[in-house]
Amino acid sequence: MKKKKIVIALGHHALGTTLPEQKIATARTAKAIAGFIKEDYQVVITHGNGPQVGMIHMAMAEFCRIYPEYTATPMSVCSAMSQGYIGYDLQNAIRTELLNRGIYKNVVTVLTQVVVDPYDDAFYHPTKIIGRVMNAEEADLEERKGNHVIEVPGGYRRIVAAPKPIDIIEAESVRALLDADQIVIACGGGGIPVLSQSNRLKGASAVIEKDLAAAKLASLVGADMLLILTGVQKACLHYGTIKEQPLEELTVAQAKKYLEDGEFEAGSMAPKIEAAIDFIGDSAIRRAVITRLDSERGDFVAANGTVIRK
């Protein structure tokens with residue numbers, strides 16, 4: 001019998017911010033992931049990297065400021081670093097949880113490159129804020145390097161593009177690992193953004209929305225379900241108002257309409273709804289669930305979230 005495939009997209013609440021927080025959070029998250037593995041799902045895990053890649057970028061920029069003879073670290077390299085150290089904690093936490101349950105399976109982190117379009121409109125309208133607060137002199141230096149900055153309370157911060165994912169270079173490797181019944185961590189932080197130039201891949205100065213990358217990966221590996229874990233139990237209409245209405249189920253058509261009507265906050269719930277729509281497409285089988293991580297039983301998580309189907 002063919003096993004069901006699930007892609008689990010972990011948000012900030014599943015990972016924490018600091019190194020000690022990440023150790024604790026990944027151990028808790030591993031319990032929920034192990035629930036699906038115990039139920040014999042083939043599991044792929046994706047995750048965010050917002051605080052982590054920001055810390056790496058800030059540390060490397062500060063290092064180059066103190067030692068100007070060193071070359072600045074591109075955003076794509078910072079993304080690769082974040083995939084490595086988040087994957088390290090996450091795969092070890094999952095391995096420990098599985099062994100504690102008497103389950104013997106390998107867990108592997110795949111350094112994942114995601115192709116973006118160099119002509120994506122996002123490159124002309126960057127939206128993602130990264131790094132530390134800078135003074136005017138530092139901001140001017142960033143702009144002279146060709147980077148974008150935005151004024152924020154207390155100074156300036158760097159801002160980068162968030163293009164949409166087109167393809168995932170290592171998708172076939174992820175499928176092969178799933179076929180070997182291994183648990184895979186991939187597309188960390190939305191993946192390392194790259195531009196395809198003939199036979200060469202060039203890192204892009206950008207970040208990819210992690211939920212859209214998760215949807216793309218779920219499609220490419222033929223997943224049956226996309227589970228997006230976030231900080232709220234359900235997607236809501238009129239979120240944060242007295243008219244707030246949690247959504248139990250949505251059709252793709254309803255989700256598209258609410259998205260067009262601006263019911264979901266940009267940079268927060270909107271990308272999750274967009275990811276669900278992209279993943280389901282015209283399939284009558286696929287489903288997406290948006291919910292909060294608060295139980296080690298997979299069916300409990302899914303049953304208490306917003307379920308989206310065709």
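Residues numbered from 1 in each chain as written. Predicted model: local features only at pLDDT ≥ 70, side-chain atom pairs only at ≥ 80, totals over all residues. Heavy atoms only, no water.

This part takes up the layout of surface pockets. Of the volumes computed, that of the largest pocket is approximately 800 Å³. Considering the residues around the largest pocket, the lining is formed by 38 residues, among which Lys128, Glu209, Lys210, Gly267 and Lys272 are closest to the centre. Counting only elements with at least two residues in the lining of the largest pocket, the list comes to helix 2 (50-66), strand 5 (128-134), helix 6 (210-220) and helix 8 (269-280). Per-element tally for the lining of the largest pocket: the top contributor is helix 2, with six residues. Taken together, the residues of the lining of the largest pocket sort by class into 14 nonpolar, 14 polar and 10 charged. (1 Å grid on protein atoms, 1.4 Å probe; cavity = no way out; pocket = protein on both sides within 12 Å on 5 of 7 lines; lining within 4 Å. Points joined across faces, edges and corners; volume = space filled by probe spheres on them. Helix = DSSP H or I, 4+ residues; strand = E, 2+ residues; numbered from the N terminus. Nonpolar A, V, L, I, M, F, W, Y, C, P; charged D, E, K, R; others polar.)

Another aspect to go through is the packing of helix 1 (residues 19-38) against helix 3 (residues 75-100). Running from N to C, helix 1 and helix 3 cross one another at 50 degrees; their axes reach a closest spacing of 8 Å. With respect to each other, helix 1 and helix 3 are oriented oblique. The two elements helix 1 and helix 3 meet at a crossing, and its hand is right-handed. Here helix 1 contributes Leu19, Gln22, Lys23, Thr26, Ala27, Ala30, Lys31, Ile33, Ala34 and Ile37 to the contact with helix 3, which in turn contributes Tyr85, Ile86, Tyr88, Asp89, Leu90, Ala93, Ile94, Glu97 and Leu98. Among the residues making up the contact of helix 1 with helix 3, the classes are represented as 13 nonpolar, two polar and four charged. (Axes fitted to C-alpha atoms, helices over the stretch in contact; angles between N-to-C directions. Parallel < 35°, antiparallel > 145°, perpendicular 65-115°, else oblique. Left-handed = near helix turned anticlockwise from the far one by under 90°. Contact = heavy atoms within 4.5 Å.)

Nonpolar side chains tend to gather and get buried jointly when the protein is soluble and globular. Grouped together as the largest cluster of nonpolar side chains are 45 residues, with contacts concentrated most on Val7, Val174, Leu217, Leu226, Phe264, Ile273 and Ile308. Residue assignment for this core shows that the elements contributing at least two residues are strand 1 (5-10), strand 4 (113-116), helix 5 (171-179), helix 6, strand 12 (225-230), helix 7 (252-260), helix 8 and strand 16 (287-292). The element that contributes the greatest number of residues to this core is helix 8, accounting for eight residues. Here leucine 217 is in contact with Val44, Thr46, Ile168, Val174, Ala186 and Cys187, once residues within four sequence places are set aside. (Core = buried A, V, L, I, M, F, W, Y, C linked by side-chain atoms within 4.5 Å. Buried < 20%, exposed > 50% of the residue type's maximum accessible area, 1.4 Å probe, protein only.)

Moving on to a nonpolar patch on the surface. A contiguous nonpolar surface patch, about 400 Å² in accessible area, is contributed by Phe63, Ile66, Tyr67 and Tyr70. Residue tyrosine 70 is classed as partly exposed on the basis of its relative accessible area, which comes to 47%. (Patch = residues over 30% accessible without salt bridge, like charges linked within 9 Å, V, L, I, M, F, W, Y side chains within 5 Å. Areas by Shrake-Rupley, 256 points an atom, 1.4 Å probe, with all protein chains shown as cover. Salt bridge = Lys/Arg side-chain N within 4 Å of Asp/Glu carboxyl O.)

A separate point is the sheet that holds strand 12. If you walk across this open sheet you meet the eight strands as 3-9-2-1-12-16-17-15, and the pairing is mixed. Of all the strands in the sheet, just strand 3 (107-109) and strand 15 (249-251) have a single pairing partner and so form its edges. Here the strands of the sheet are splayed against their neighbours by 20 degrees on average, with no regard to which way each runs. Inspection of the sheet shows strand 2 (residues 42-47) paired to strand 9 (residues 183-185) by two bridges, in the parallel sense. Considered in strand 9, the bridge of isoleucine 45 is made with isoleucine 185. Contacting strand 1, strand 2 and strand 12, helix 6 runs over the sheet at an angle of about 170 degrees to strand 1. Across the sheet, helix 7 is in contact with strand 15 and strand 17 (306-309); its angle to strand 15 comes to roughly 90 degrees. (Pairing = 2+ DSSP bridges.)

Our next topic: the sheet that holds strand 11 (residues 200-203). An order of 8-4-10-11 is seen for the four strands of this open sheet, with the pairing classed as mixed. The two strands at the open ends of the sheet, each matched to only one other strand, are strand 8 (165-168) and strand 11. Strand-to-strand, the axes of this sheet are offset by a mean angle of 45 degrees, without reference to chain direction. Bridge count for strand 4 against strand 8 is three bridges, and the pairing is antiparallel. The residue of strand 8 that forms the bridge with valine 114 is isoleucine 168.

Turning our eyes to something else, we now look at the packing of aromatic side chains. Think of a pair of aromatic rings as described by two things: how far the centres are apart, and how the planes are tilted against each other in angle. Enumeration over the complete set of coordinates arrives at five aromatic pairs. The interplanar angle of 45 degrees and the centroid separation of 5.1 Å between the aromatic rings of phenylalanine 63 and tyrosine 67 together place this pair among those described as tilted. Relative accessible area serves as the criterion here: at 33%, phenylalanine 63 is assigned to the partly exposed category. Seen from their ring centres, tyrosine 258 and phenylalanine 264 are 6.4 Å apart, and the 85 degrees between their planes marks the pair as edge-to-face. Using a relative accessible area of 21% as the deciding quantity, one classes tyrosine 258 as partly exposed. Given a relative accessible area of 6%, phenylalanine 264 falls into the buried group. Three or more aromatic residues joined by ring pairs form one cluster here, namely Phe63, Tyr67 and Tyr70. (Phe/Tyr/Trp six-rings, centres within 6.5 Å; stacked < 30°, edge-to-face > 60°.)

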